[in-house]
Amino acid sequence: PRISATRLKVHSPTTTQPKVGDIVRCHFQVFINDGKDMVESSRKKHHRAFEFVVGMGQVIPGWDRAVIQMSLYQRCMCTFTAKYGYGEVGYPPQIPANSPLWVDIELISFRPRTAWTKPLIQHPGLSEKPYIPPDNFDFTPNLHPEGSDGEIEAGGEGEGGEGDGGFGGWG
């Protein structure tokens, strides 16, 4: 099997599991060489739980797949092949290329990620009211304002003469 898990501790008051997009907090230990050499630990090296968003590629693929199958407060020892770990590249110098991983994961908590909402820039309900133009409003565009002959002048006096690439007549 590509991913295998042995449940070490099942102490879950509910059977709820995190979903893709949830924020999870875990304690973990990562081992190589048949689980003999520890290369990373949230408890021993970082002294705090690790937090990430499930399914967003913030962790190795095996971890994303394993944690959505876990219940709250559950602890498991997962074995990931290189495909679900760090692959052909590895994570030098700690994890060699094509190395399987043994990861001890304990799911401490999870919560839904808060949805981002756009702040209001106008009075609430204003956009729900339809726009009603005044009775004398003319919807036809005025392409030739009063005093204009409809011609567009290229160039002009002052800045931006011919050949210099400028826009004349702005002044």
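Residues numbered from 1 in each chain as written. Predicted model: local features only at pLDDT ≥ 70, side-chain atom pairs only at ≥ 80, totals over all residues. Heavy atoms only, no water.

1. Brief notes about the packing of aromatic side chains
The way to describe two aromatic rings as a pair is by their centre distance and the angle between their planes.
Next up, step 1: Enumeration according to the criterion identifies six aromatic pairs in this entry.
Next up, step 2: Judged by centre distance (5.5 Å) and plane angle (40°), the rings of Phe50 and Trp63 are tilted. With Phe50 in strand β4 (residues 50-53) and Trp63 in helix α2 (residues 61-67), this pair connects stretches of sequence that are 13 residues apart.
Next up, step 3: Relative accessible area serves as the criterion here: at 29%, Phe50 is assigned to the partly exposed category.
Next up, step 4: The structure contains a cluster of three or more aromatic residues connected by ring pairs, namely Phe28, Phe50, Phe52 and Trp63. (Phe/Tyr/Trp six-rings, centres within 6.5 Å; stacked < 30°, edge-to-face > 60°. Helix = DSSP H or I, 4+ residues; strand = E, 2+ residues; numbered from the N terminus. Buried < 20%, exposed > 50% of the residue type's maximum accessible area, 1.4 Å probe, protein only.)

2. So, the pattern of salt bridges
Next up, step 1: Evaluated as defined, the whole model comprises four salt bridges.
Next up, step 2: In this structure, Glu106 engages Arg43 in a salt bridge whose closest nitrogen and oxygen atoms are separated by 2.4 Å. A residue pair is termed long-range when its members are at least 10 positions apart, and Glu106 in strand β6 (residues 101-112) and Arg43 in helix α1 (residues 42-46) qualify at 63 residues.
Next up, step 3: Relative accessible area serves as the criterion here: at 10%, Glu106 is assigned to the buried category.
Next up, step 4: A salt bridge links Asp104 to Arg75; the nearest nitrogen and oxygen atoms lie 2.5 Å apart. (Salt bridge = Lys/Arg side-chain N within 4 Å of Asp/Glu carboxyl O.)

3. Let's talk about the nonpolar core
Next up, step 1: Counting residues in hydrophobic clusters, the biggest one holds 23 residues, and the most contacted among them are Cys26, Phe52, Trp63 and Val67.
Next up, step 2: Those elements giving two or more residues to this core turn out to be β2 (22-32), α2, β5 (75-80) and β6.
Next up, step 3: The greatest single-element share of this core, amounting to five residues, is contributed by β2.
Next up, step 4: With near-sequence residues (within four places) excluded, Trp63 lies in contact with Cys26, Phe28, Phe50, Phe52, Phe80 and Ile105. (Core = buried A, V, L, I, M, F, W, Y, C linked by side-chain atoms within 4.5 Å. Contact = heavy atoms within 4.5 Å.)

4. Let's talk about the pairing of β6
Next up, step 1: With ten bridges joining them, β2 and β6 adopt antiparallel strand pairing. Considered in β6, the bridge of His27 is made with Glu106. (Pairing = 2+ DSSP bridges.)

5. Description of the confidence of the model for the protein
Next up, step 1: When pLDDT is averaged across the protein, the result is 77; 60% of the residues are at 70 or more.
Next up, step 2: For the protein, the element scoring lowest by mean pLDDT is strand β1 (residues 3-9), at 60; β2 scores highest, at 94. (pLDDT = per-residue confidence, 0-100.)

6. Quick word on the pairing of strand β3 (residues 37-41)
Next up, step 1: Two elements, β2 and β3, share four bridges in a ladder whose sense is antiparallel. Within β3, the position partnered with Gln29 by the bridge is Ser41.
Next up, step 2: The turn joining β2 and β3, which pair antiparallel and follow one another in sequence, is formed by four residues; a positive phi near 55° is taken by Asn33.

7. Observations concerning the state of the cysteines
Next up, step 1: Per the stated rule, a full pass over the model turns up zero disulfides.
Next up, step 2: Not engaged in a disulfide, the cysteine Cys78 finds its nearest cysteine sulfur in Cys76; these two sulfurs lie 4.6 Å apart.
Next up, step 3: Note on Cys78: relative accessible area 0%, which makes it buried. (Disulfide = S-S within 2.5 Å.)

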